[in-house]
Amino acid sequence: MEKFVKLNTTAVPLPIEDVDTDQIIPARFLKATTREGFGENLFRDWRYNQDNTPKADFILNNPVYSGKILVAGRNFGCGSSREHAAWAIHDYGFKAVVSSFFADIFRGNSLNNGLLPVQVSDAFLDQIFSAIEENPQVALEIDLEKQTLSIPTKNLSEHFDIDPYKKVCMINGYDDIDYLLSQKSLIEQYENRQLAGSH
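The paragraphs below set out a description of the structure included in this document.

Cut-offs used in this document
Every chain is numbered independently, its residues counted from 1 as its sequence is written. Only residues with pLDDT of at least 70 get local features here, since the model is predicted, and only at 80 or more are side-chain atom pairs given and counted; chain-wide, interface and lining totals rely on the full set of residues. Side-chain numbers here rest on the full set of heavy atoms in the structure, without hydrogens or water. Think of it this way: any DSSP run of H or I at least four residues long counts as a helix, any run of E at least two long counts as a strand, and we number them from the N terminus. Any residue under 20% of the maximum accessible area for its type is buried, any over 50% is exposed, and the rest in between are partly exposed; the area is computed with a 1.4 Å probe on protein chains only. By definition in these notes, contact holds between two residues if any of their heavy atoms fall within 4.5 Å. Pairing between strands is defined by DSSP: at least two bridges between them are needed. Interaxial angles span 0 to 180 degrees and are taken between N-to-C directions of axes, which are lines fitted to C-alpha atoms, for helices over the stretch in contact. By nonpolar core is meant a set of buried Ala, Val, Leu, Ile, Met, Phe, Trp, Tyr and Cys residues that side-chain atoms within 4.5 Å join together. Any Lys or Arg side-chain nitrogen located within 4 Å of an Asp or Glu carboxyl oxygen qualifies as a salt bridge. With the strands aimed away from the viewer, a crossover counts as right-handed if its path from the first strand over the helix to the second runs clockwise. One fewer than the residue count of a helix, multiplied by 1.5 Å, yields its expected span. The directions considered for the arc are those from the helix axis to the C-beta atoms.

Looking only at helices and strands, the protein has 8 helices and 8 strands in total. For the protein, the spread of C-alpha atoms along the three principal axes comes to 75 × 45 × 25 Å. Within the span of the protein, comprising 199 residues, buried residues form 43% of the whole. Restricting the contact set of the protein to residue pairs at least 6 apart, pairs at least 24 apart contribute 65%.

Structure follows, in structure tokens:
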């Protein structure tokens, strides 16, 4: 996985609450077993008409908005537990999703797939949406080491929580196996002490 330390980028606003995983990636696209290619069907039924022409009024089809952060309404990623939802968002090019509440399973799937879920207060989420509406080119900055999300031009910042183990994995670009391998010498030292103590 890619390392995630700091991200400074514009953002795409999706001020819709209760976005479920079937809206993120419809069930009919779950046939593949690898993570690639899901991005083209992200929000498929919101992005495209029945004849596959883009819907002009959907945010991802609006060239004014771009960036590596998706800012979504409250209760993002609810519904079924499909990991493909995180795959699709990451494959589309987003590195982080910001919301004031995430479904637990979606949060876990995101962290396992290199997508950072940043949970902020409802008030700060409103400030982010307002800042983007005022200026679609406004940059957001996520500092994972400090666990802060900022709008530098507005001098606004908020702290967010993340599981300490997942934080280490994201900063180092580890999956669970990589993390275990990174601890190999410590594991070996422990094993050797156990063996020495048993004689």
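By definition, the strands of a sheet pair up through backbone hydrogen bonds, in either a parallel or an antiparallel sense. Here we have 4 strands laid out as an open sheet, ordered β1-β6-β7-β8, and antiparallel in their pairing. Edge positions in the sheet fall to β1 (6-9) and β8 (156-159), since each has one partner strand and no second. On average, adjacent strands in this sheet sit at an angle of 10° to one another, irrespective of strand direction. Here strand β6 (residues 140-143) pairs with strand β7 (residues 148-151) via 3 bridges, running antiparallel.

Ranked by size, the top nonpolar core spans 54 residues in total, and within it Phe43, Val71, Phe76, Leu116 and Ile142 carry the most contacts. Sort the elements by how many residues they give to this core and helix α5 (residues 122-134) lands first, with 6 residues. In contact with Val71, other than residues within four places in its own chain, are Ala11, Val12, Pro13, Leu14, Pro15, Val98, Leu125, Ile128, Phe129, Ile132 and Leu140.

What follows concerns the pairing of β7. Across a regular strand the side chains alternate sides, sitting on one face of the sheet and then on the other. Here β7 shows two buried faces, one formed by Thr148 and Ser150 and the other by Leu149 and Ile151. Pairing analysis gives 4 bridges linking β7 to β8, with the strands arranged antiparallel. Within β8, the position partnered with Thr148 by the bridge is His159. Between β7 and β8, which pair antiparallel and follow one another directly, the connecting turn spans 4 residues, one of which, Asn155, has a positive phi of 60°.

Turning our attention to the pattern of salt bridges. Tallied over the full model, the rule gives 6 salt bridges. Arg82 is the salt-bridge partner of Asp22, the closest N and O atoms lying 3.0 Å from each other. Residue Asp22 is found in helix α1 (residues 21-24), and its partner Arg82 is found in the loop between β3 (69-72) and α3 (84-92); the two are separated by 60 residues along the sequence. Overall, the relative accessible area of 15% leaves Arg82 in the buried class. As a salt-bridge pair, Glu134 and Lys154 come within 2.9 Å of each other at their nearest N and O atoms. Separated by 20 residues along the polypeptide, Glu134 in helix α5 and Lys154 in the loop between β7 and β8 bring together distant segments of the chain. Note on Glu134: relative accessible area 58%, which makes it exposed.

Ordered by their spatial adjacency, 4 strands build an open sheet running β2-β3-β4-β5, and the pairing between neighbours is parallel. Only two strands of the sheet have a single partner each, and these edge strands are β2 (11-14) and β5 (116-119). The mean angle between the axes of side-by-side strands here comes to 20°, regardless of whether they run parallel or antiparallel. Bridge count between β3 and strand β4 (residues 96-99): 3 bridges; the pairing is parallel.

It is worth spelling out the pairing of β3 at this point. Along β3, one buried face is formed by Ile69 and Val71 and the opposite face, lined by Leu70 and Ala72, is buried too. Two elements, β2 and β3, share 4 bridges in a ladder whose sense is parallel. What sits directly across from Pro13, in β3, is Val71. As for the winding sense of the linkage, the β-α-β connection from β3 through α3 to β4 is right-handed.

Moving on to α5. Taking 1.5 Å of rise per residue, the 13 residues of α5 would be expected to cover 18 Å, and the 18 Å separating its terminal C-alpha atoms lies within 8% of that figure. Among the residues of α5, Phe124, Leu125, Ile128, Phe129, Ala131 and Ile132 are the ones counted as buried. Buried residues along α5 cover an arc of 160° about the axis, so they all sit on one side. Among the exposed residues of α5, those pointing more than 90 degrees away from its buried face are Ala123, Glu133 and Glu134. Contacts made by the buried residues of α5 are with β2, β3, β4, β6, β7 and β8.

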